[in-house]
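The lines below spell out each chain.
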Amino acid sequence: MAARGERSAAGYVRLVHWNADEAAPRVEALREAGWVVRYAAPDDAPSMTGWRADAPAALVVDLSRLPSHGASIAMMVRVSKWGRRIPLVFVGGAPEKVAAVRAKLPDATYTTWPRVRGALRAALANPVDAPMVPTSRISTGAPLATKLGVREGTVLRAVDAPGSFEDLLGDLPPRASVRHEGSGDVVVWFVRSADDVALDVEGVLRVAGAAPLWIAWPKRSAGVEADVTQADVIAAGRSSGRADAKICSVDATWSAMCFVVPAARRGARSSPR
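Let me sum up the structure you'll find in this document. (Residues numbered from 1 in each chain as written. Predicted model: local features only at pLDDT ≥ 70, side-chain atom pairs only at ≥ 80, totals over all residues. Heavy atoms only, no water.)

All right, on to the side chain of Arg-242 then. Structurally, Arg-242 is set in the loop between helix H9 (230–238) and strand E10 (243–249). Although Arg-242 is buried, it forms no salt bridge, and the closest oppositely charged side chain is Asp-244 at an N-O distance of 11 Å. Here the side chain of Arg-242 touches Phe-259 through a polar contact of 3.0 Å, landing on its backbone oxygen. (Helix = DSSP H or I, 4+ residues; strand = E, 2+ residues; numbered from the N terminus. Buried < 20%, exposed > 50% of the residue type's maximum accessible area, 1.4 Å probe, protein only. Lys, Arg positive; Asp, Glu negative; His and termini not counted. Salt bridge = Lys/Arg side-chain N within 4 Å of Asp/Glu carboxyl O. Polar contact = N/O pair within 3.5 Å; in protein donor to acceptor, adjacent residues only side chain to side chain.)

Here you go:
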C-alpha cells in the first residue's frame, strides 16, 4: 500500500543519506509532499545496476555527513548515459564541501532541508537541457581506466565486479573492452570477505596468468559490511611470486592494489624448457 500522499504516476525520488535513522524523517517529509521515495546509503553504489533498470525521476543527496560518498554516487549517475538527465538535488552540507561538489556539478540544484520541497519541484519541472558531465568523480587525477592500465586495445577482465563498475570506467580508449569471462590483458578482482579471498585466489591467479592483477576491497570508511583487510589482499596478491606494484582509489567505496609477475619470472615462463 502506498504511503500517505505518494504519487504513483511520475516515477520515484531516490534519497542518498549516510545514516538510515537520520534519513527516516527526511524520507517521510518528502513523502508527505507527494513523492514516492526510496532510500539508499552511499555504499549502495554496487547495486546501481538496479537503478539503471528502474531509474529515479530525481536524485536527492544529503551532504551533511560523509559528503564525498554521496556526491560520488551522484557523479556516477551523471557520467552514465542512462542517468545523465536525472535532476540532481544536493541538500545541506558545510560550505566548503558544497563548493567542492558545485565545482564538479554546477548545474545541479543546491538547497537546504527546509527548502527542499520547492527546490525538488523546480528541478523536476525544469530539467537541465545539456547536463554537464564531470571529467572525474569526487577526486581529481587520472580517469579510473587510465589508473588501471587500460590503453588502446586493452581487454579488461572483471571478476565479481559491482554493477556500477563499467559506469565508473567511463569512456574507454579505442578498441578497449571489458569482459566478465575468460582472460584479459588486465584483471580486476573485487573481494568482499577474507573467506572469498582464501577460496578463490588460486582460480583468479590462473585467470590472470602473467597479466597485471588488481585486487579491490571495500574501504573501511565506506561503511560496507566486509571482513577483508589490506593485509588479506597483500597476502593473496603476493602468492605465486607476484609483487605489489601500486595502489589506487576506485571510488568512494573501493580501493585496489596491483600485483605483477616480476619481469625475470615472465621471461622464465616464456623461455623453452
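Having put the structure on the table, let's press on.
Turning to the nonpolar core, a few remarks are in order. Grouped together as the largest cluster of nonpolar side chains are 21 residues, with contacts concentrated most on Leu-144, Leu-148, Leu-156, Phe-165, Leu-169, Val-188 and Trp-214. Elements that contribute at least two residues to this core include exactly helix H6 (144–147), strand E6 (155–159), helix H7 (165–169), strand E8 (186–190), strand E9 (213–218) and strand E11 (254–260). Setting aside anything within four residues of it in sequence, one finds Leu-148 in contact with Phe-165, Leu-169, Val-186, Val-188, Trp-214 and Cys-248. Judged by nonpolar contacts, the second largest core, of 19 residues, contains Ala-40, Trp-51, Val-61 and Val-77. (Core = buried A, V, L, I, M, F, W, Y, C linked by side-chain atoms within 4.5 Å. Contact = heavy atoms within 4.5 Å.)

Of note in the backbone geometry, Asp-160 takes a positive phi value of approximately 55° without being a glycine. Inspection of the secondary structure assignment puts Asp-160 in the loop between E6 and H7. A positive phi angle, near 65°, is found at Ser-240, a position not held by glycine. By relative accessible area, Ser-240 is classed as partly exposed at 49%.

Attention now moves to the sheet that holds strand E4 (residues 88–91). Strand order in this open sheet of five strands is E2-E1-E3-E4-E5, and the pairing throughout is parallel. Two strands in the sheet have a free side with no partner beyond their single neighbour: strand E2 (37–40) and strand E5 (109–111). Geometrically, the sheet is characterised by an average inter-axis angle of 20° between neighbouring strands, direction not taken into account. Relative to E2, strand E1 (residues 13–16) runs parallel, the two being bridged by four bridges. Opposite Val-13, over in E2, you have Val-37 as the bridge partner. Sitting on the sheet, helix H1 (residues 20–32) is in contact with E1, E2 and strand E3 (58–62), with an inclination near 165° to E2. Strands E1, E3, E4 and E5 of the sheet are contacted by helix H5 (residues 116–125), whose axis makes an angle of about 170° with E5. (Pairing = 2+ DSSP bridges. Axes fitted to C-alpha atoms, helices over the stretch in contact; angles between N-to-C directions.)

All right, on to the packing of aromatic side chains then. Two numbers describe a pair of aromatic rings. These are the distance of the centres and the angle of the planes. A complete count under the given rule lists three aromatic pairs for this structure. When the ring of Phe-165 is compared with that of Phe-190, the centres are 5.2 Å apart and the planes differ by 70°; the resulting orientation is edge-to-face. Of the two residues, Phe-165 sits in helix H7 while Phe-190 sits in strand E8, which places them 25 residues apart along the sequence. Accessibility classification places Phe-165 together with Phe-190 in one group, the buried group. An angle of 90° between the planes, with centres 4.9 Å apart, marks the rings of Phe-190 and Trp-254 as edge-to-face. Highlighted residues: Phe-190 in strand E8 and Trp-254 in strand E11, separated in sequence by 64 residues. On the basis of relative accessible area, Trp-254 is assigned to the buried category, the value being 3%. One aromatic cluster is present, built from ring pairs that chain together Phe-165, Phe-190 and Trp-254. The residue whose ring lies beneath Arg-38 is Tyr-12, and the NZ or CZ to ring-centre distance is 3.8 Å. (Phe/Tyr/Trp six-rings, centres within 6.5 Å; stacked < 30°, edge-to-face > 60°. Lys NZ or Arg CZ within 6 Å of the ring centre and 35° of its normal.)

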